[in-house]
Amino acid sequence: IVYSYLDKCELDVSSKVARTEMAGNVVNFFENDVGYYISRFVHIVGSLYFIFYIKFDVGIVVLFCIIPILIIVYKFYFKIGQVTSVIHNHMEFKVRIIESGNILGIRGFFERRKGLLEMSSLLQAKHWFALNMVRLVFLVVAIVVFAHSNYILTQGQTISMYMYINEFLCSLMVIPVDHLS
């Protein structure tokens, strides 16, 4: 597709580069992301089905976690996206600063770059900590609700319920909400 476009196209080099890059992004989306979204959907729906099938009360508890997890995911993906944008904008000045030969400017550039990368890493750590704490709270509450109403439990039932709940919560945690808005 890209080669046939390049042969027929009579644009300047910059436009060709930009459009071929965009075509590559579209192909990558269909090759990687579409399959990912389908698998997450199947995991979420399948896990919910089995949770509700085994114990309806646990399904209700698990459904209450959707809103807090999606809020945290949206909030932190938005912040991480802002920091990533600042990092990319900052990198655009790299060539100019290095070509200037100003040692203090070069040193300041790399110090700021280091600070931006540390900020991005810290945001990601906060993001995963908050998500895992919410996941853990809902996982414990759901298992308690499941175990409380069932006096005769086998180990297999408990482990399978744990796995269904955990799979549902983990699938919710990795949905890139910022791309859906």
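Coordinates for the structure precede this section.
Just so we're clear, the structure is a prediction, and the values are computed from it rather than from any experiment. (Residues numbered from 1 in each chain as written. Predicted model: local features only at pLDDT ≥ 70, side-chain atom pairs only at ≥ 80, totals over all residues. Heavy atoms only, no water.)

Participant: How should the overall build of the chain be read in this particular structure?
Facilitator: In terms of regular secondary structure, the chain is built from 8 helices and 0 strands. Going from the N terminus to the C terminus, the chain shows its helices and strands as α-α-α-α-α-α-α-α. Burial status across the chain gives 25% buried among its 181 residues. The contacts of the chain with a sequence gap of at least 6 include a subset with a gap of at least 24, amounting to 73%. Carbon and sulfur atoms form 67% of the exposed surface of the chain, whose accessible area is close to 12300 Å². (Helix = DSSP H or I, 4+ residues; strand = E, 2+ residues; numbered from the N terminus. Buried < 20%, exposed > 50% of the residue type's maximum accessible area, 1.4 Å probe, protein only. Contact = heavy atoms within 4.5 Å. Areas by Shrake-Rupley, 256 points an atom, 1.4 Å probe, with all protein chains shown as cover.)

Participant: How should the pattern of salt bridges be read in this particular structure?
Facilitator: Oppositely charged side chains are able to pair whenever their charged atoms sit close together. Per the counting criterion, the structure on display carries 2 salt bridges. For glutamate 167, the salt bridge is made with arginine 40, and the minimal N-O distance between the two is 4.0 Å. Here the residue glutamate 167 occupies a position in helix α7 (residues 155-173), and arginine 40 occupies one in helix α2 (residues 13-54), the gap between them amounting to 127 residues. Note on arginine 40: relative accessible area 16%, which makes it buried. Across the salt bridge formed by aspartate 57 and lysine 55, the nearest N and O atoms sit 3.8 Å from each other. (Salt bridge = Lys/Arg side-chain N within 4 Å of Asp/Glu carboxyl O.)

Participant: What's the story with a nonpolar patch on the surface in this structure? I'm lost.
Facilitator: Together, Phe129, Met133, Leu136, Val140 and Val144 make up a nonpolar patch on the protein surface, roughly 460 Å² of accessible area in all. The residue valine 144 is located in helix α6 (residues 103-149) in this model. (Patch = residues over 30% accessible without salt bridge, like charges linked within 9 Å, V, L, I, M, F, W, Y side chains within 5 Å.)

Participant: What is the right way to look at the nonpolar core in this model?
Facilitator: In summary, soluble globular proteins display a tendency toward joint burial of nonpolar side chains. Of all hydrophobic cores here, the largest spans 25 residues; its most connected members are Val58, Val62, Cys65, Ile69, Ile165, Phe168 and Leu169. Contributing elements (two or more residues each) for this core: α2, α3 (56-63), α4 (66-91), α6 and α7. Ranked by the residues each element gives to this core, the list is headed by α6, at 7 residues. Sequence-distant contacts of phenylalanine 168, that is, excluding residues within four places in its chain, are made with Ile44, Ser47, Leu48, Ile51, Val62, Cys65 and Ile66. (Core = buried A, V, L, I, M, F, W, Y, C linked by side-chain atoms within 4.5 Å.)

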